[in-house]
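Examination of the molecular architecture
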Amino acid sequence: MALSTAHVSANVMGSKKSRGSLCHGLPIQAQKSKTVLKTVSLRNTASVSRKVSRAAKGKEEESYDVSYEPTTITSSTSVCAIILGGGAGSRLFPLTKSRAKPAVPIGGSYRLIDVPMSNCINSGINKLYILTQFNSTSLNRHLSKAYNLGSGVRFGGDSFVEILAATQTPTDKEWFQGTADAVRQYAHVLLSAKNKAIEDVVILSGDHLYRMDYMKFVNYHRENNADITIGCIPYGSERAKEFGLMQINHKRQITKFAEKPKTKAALDAIRADTTVLGLTPEEAAEKPYIASMGIYVFKKKALTDLLLKEFPKANDFGGEVIPAAAENRNVVAYPFYGYWEDIGTIKSFFEENLKLCQNPAAFEFYDPTSPIYTSPRVLPPAAVEDCKIADAIVSQGSYLRKSTIKNAVIGVRSNIREGCTIQDALIMGSDYYESEDEVASLLASGGVPLGIGANSYISNAIIDKNSRVGSNVRICNKEGVNEATREAEGIYIRSGIVVVEKFATVPNNKVI
C-alpha cells in the first residue's frame, strides 16, 4: 500500500483534518482543494451548456458549444497509447543528468510519467507502450514497480505496459531521431497480430501536468472522422513561441500549423480567432493563439501510412508530419479547458511544484474519481518534531526537527535537521536511509550525512535526490545570478534558481 503525500497548512499541531481513500494502493492526499477542475471541449453537435455566438464576416451568425459529451461510447479495447519518453531533456538539466525526463520526481512522491500513465488507467486505456532512449534505467525501474498489470485480468485479460527502448537493428542503425521516427521504428508492433483490434492510437508526452479523460478525446476524434486529432488550448503571447501553434476553421479543422515559431512575424502570421474555441471576445484578445498540447489521436492506418509511406524520412510530428498532413487529411483540434502545464524547463518545473503547496491548489494529485498513481512504498509517516510548517507538502518517510518550512515541497525520506529554514524550495529527498552509525561516522570525520544539515537556510532552490547539504549552509542565490554552471561542485543556476544535482555534497558553512 502506498502511503500519502501530505499537505500541511499552518502549524502542524493545528493542521486541518485530512481525508483520503485506500483505493488500489493510491497515495492519500490531505486537505482537499475547494477548486473543482472541469474539463470541457467542443463539438458542433454536442449538448449545449453555454453557447457562444460570433458573427462571421459575410456569413450568418455561428454558434459554438462549450460542452462536449460523446454521442456514442467507444470501447477502449480498440485503443492503445504510446507515451514518448522524451529526448535528452537538456532544458531540465541537471535534473536529467542521470535520469530520463519522465522519471524526474514531482510533488514529493510522484514522477512526471505518473501523469499520463494514470490518465490512461483512469480512462480505461490498458494497452500502453512507453518509448525510451536517454537515461532510462530509473524510468524502467519505476514503471515495472508501479504499473505491473500482471496477467491483465483486472483490465479484461489483454492489458499490458511495455517498454520499447531505442535500439539498433540489422536494417536500422540509428537511434530515435525525433517523435515521429521513434514511433516509426516500432510501427511493426502496431501492425502485429497482437494489435489487430487496435483502431486508434493515442500519442502522449511524458512531461505534462494535467488530468484528462482520453476516451472523450478518442470519441471526439471518431465522431469527427478525423485522421489526426490534436489536443489544444488557447494561449497568451508570453510563451506562445514555445509551442506548436495552429489556425482552425469553424469546424475546428486545422488549416495551418507552425511548430514553435520564433520571430514576431511568424507569430503574427499564426494568430487565430480563439472565439471559435468558445472564448469571449475579451478572453480571445488575451489568448490569441491556439497551442498544441503535444498529445494526439491517430487512426492506426493513417499513422502507419504517414510514417511508412507518405513521409518515411520525417523525424518529428509537430515540425513535419502534422503540417504536411493538414494539407490533405482531416486534421482536427480538440480544445481542452482543464489545468495543463508543460514542464519543460527548470523554471516551469520549480513553479509547478510550488503551486502544489497553495490552498486551494490549481492541480492536485489526489482526486477520488481520477487519482494519480505512483509506485507504492513501505515507509513510515513523516515525523515532525517541534516545527513550524505553512503551505507545504511533507512526504512519507521524512524526519523534520525544530525547523521552519514554508511554501516548500519535502520529498520522500528527507532528513531536515534542527534549526533549518526551508522556504520557496524543493527538497527531493533520498532513495535510502543512512544508519545512525553511518551518520555518526561521517560527522566524526568531518563528512556530510544525507539530507539538510543543522542551521541551514535554503530558498529559491532545488535540492535533488541523495544530496548532502552541510551545517550552516546558505543556498539562496545571494548575488542574484541568472545562469551559472559549477559542474565540479554539482551546483547550477538556471533562471535564477539554484539546483544542487543528485548525489552532490555542499560542505559546511558554504554560501551559494
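Residues numbered from 1 in each chain as written. Predicted model: local features only at pLDDT ≥ 70, side-chain atom pairs only at ≥ 80, totals over all residues. Heavy atoms only, no water.

Digging into unusual backbone geometry
With an omega dihedral of 10 degrees, the bond running from Phe93 to Pro94 counts as a cis peptide bond. For Pro94, the location among the structural elements is in the loop between strand 4 (79–84) and strand 5 (105–106). In this structure, Asp424 takes a positive phi of about 50 degrees despite not being glycine. Relative to the assigned elements, Asp424 resides in strand 22 (residues 421–427). Of note in this structure, Asn455 is not a glycine but carries a positive phi near 60 degrees. By the secondary structure assignment, Asn455 is in the loop between strand 23 (451–452) and strand 24 (457–463). We classify Asn455 as partly exposed; its relative accessible area is 46%. (Helix = DSSP H or I, 4+ residues; strand = E, 2+ residues; numbered from the N terminus. Buried < 20%, exposed > 50% of the residue type's maximum accessible area, 1.4 Å probe, protein only.)

As for the state of the cysteines
Here the structure, examined in full by the defined rule, presents zero disulfides. Here Cys80 stays free of any disulfide, with the sulfur of Cys120 as its closest cysteine sulfur at 9.7 Å. The exposure class assigned to Cys80 is buried, which follows from its relative accessible area of 0%. (Disulfide = S-S within 2.5 Å.)

Section: the nonpolar core
Formed by 69 residues in total, the largest nonpolar core has its most connected members in Tyr210, Phe349 and Ile462. Those residues in contact with Tyr210 that lie beyond four places of it in its chain are Val115, Asn119, Leu204, Met293, Ile295, Phe336, Tyr339, Trp340 and Phe363. In terms of nonpolar packing, the next biggest core, distinct from the first, is built from 44 residues, Phe160, Ala180, Cys232 and Phe317 among them. (Core = buried A, V, L, I, M, F, W, Y, C linked by side-chain atoms within 4.5 Å. Contact = heavy atoms within 4.5 Å.)

A look at helix 2 (residues 137–146)
Those residues of helix 2 that fall on the buried side of the exposure criterion are Ser138, Leu139, His142, Leu143 and Ala146. Projected down its long axis, helix 2 shows its buried positions confined to an angular sector of 135 degrees, all on one face. Of the residues in helix 2, the exposed ones pointing more than 90 degrees away from the buried face are Thr137 and Lys145. Looking at the buried side of helix 2, the elements it contacts are strand 6 (110–111), helix 1 (114–123), strand 7 (127–132) and strand 8 (160–165). (Arc of directions from axis to C-beta.)

Focus: the pairing of strand 12 (residues 244–248)
Put simply, side chains in a regular strand alternate between the two faces of the sheet. Counting buried positions along strand 12 yields five of five residues, so the element is predominantly enclosed. Residues Gly244, Met246 and Ile248 line one face of strand 12 and the alternating positions Leu245 and Gln247 line the opposite face, and both faces are buried. Here strand 12 runs beside strand 13 (residues 254–259); their pairing, made up of five bridges, is antiparallel. Bridge pairing in strand 13 links Ile248 to Ile254. Between the end of strand 12 and the start of strand 13, which pair antiparallel, lie five residues, with Arg252 showing a positive phi angle near 65 degrees. Relative to strand 14 (residues 289–299), strand 12 is paired through two bridges, and the arrangement is antiparallel. Bridge pairing in strand 14 links Leu245 to Ala291. (Pairing = 2+ DSSP bridges.)

Let's talk about the environment of Glu483
Mapping Glu483 onto the fold places it in the loop between strand 26 (474–475) and strand 27 (484–486). The residues touching Glu483, leaving out its near neighbours within four places in the chain, are Ile493, Arg494 and Ser495. Within polar-contact distance, the side chain of Glu483 engages the backbone nitrogen of Ser495 at 2.8 Å. (Polar contact = N/O pair within 3.5 Å; in protein donor to acceptor, adjacent residues only side chain to side chain.)

Description of a positive patch on the surface
Where like charges cluster on the molecular surface, the positive patch consists of Arg91, Lys241, Lys260 and Lys262. Structurally, Lys260 can be placed in the loop between strand 13 and helix 6 (264–269). (Patch = residues over 30% accessible without salt bridge, like charges linked within 9 Å, V, L, I, M, F, W, Y side chains within 5 Å. Areas by Shrake-Rupley, 256 points an atom, 1.4 Å probe, with all protein chains shown as cover. Salt bridge = Lys/Arg side-chain N within 4 Å of Asp/Glu carboxyl O. Lys, Arg positive; Asp, Glu negative; His and termini not counted. Charge placed at Lys NZ, Arg CZ, Asp CG, Glu CD.)

Thoughts on the pairing of strand 11 (residues 228–235)
Extensive coverage of strand 11 is indicated by the burial of eight of its eight residues. Neither face of strand 11 is left uncovered, since the one carrying Ile228, Ile230, Cys232 and Pro234 and the one carrying Thr229, Gly231, Ile233 and Tyr235 both have all their residues buried. In terms of strand pairing, strand 11 meets strand 14 through seven bridges, oriented antiparallel. Looking at the pairing, Pro234 lines up with Ile290 of strand 14. Pairing between strand 11 and strand 15 (residues 331–335): five bridges, direction parallel. Across the sheet, the residue bridging to Ile230 is Ala333, located in strand 15.

Overview of the packing of aromatic side chains
Overall, the coordinates contain 15 aromatic pairs when judged by the stated rule. Here the aromatic cluster, defined as three or more aromatic residues joined through ring pairs, consists of Tyr110, Tyr339, Phe363 and Phe365. Seen from the ring of Tyr399, Arg401 lies directly overhead, with NZ or CZ sitting 4.3 Å from the centre. (Phe/Tyr/Trp six-rings, centres within 6.5 Å; stacked < 30°, edge-to-face > 60°. Lys NZ or Arg CZ within 6 Å of the ring centre and 35° of its normal.)

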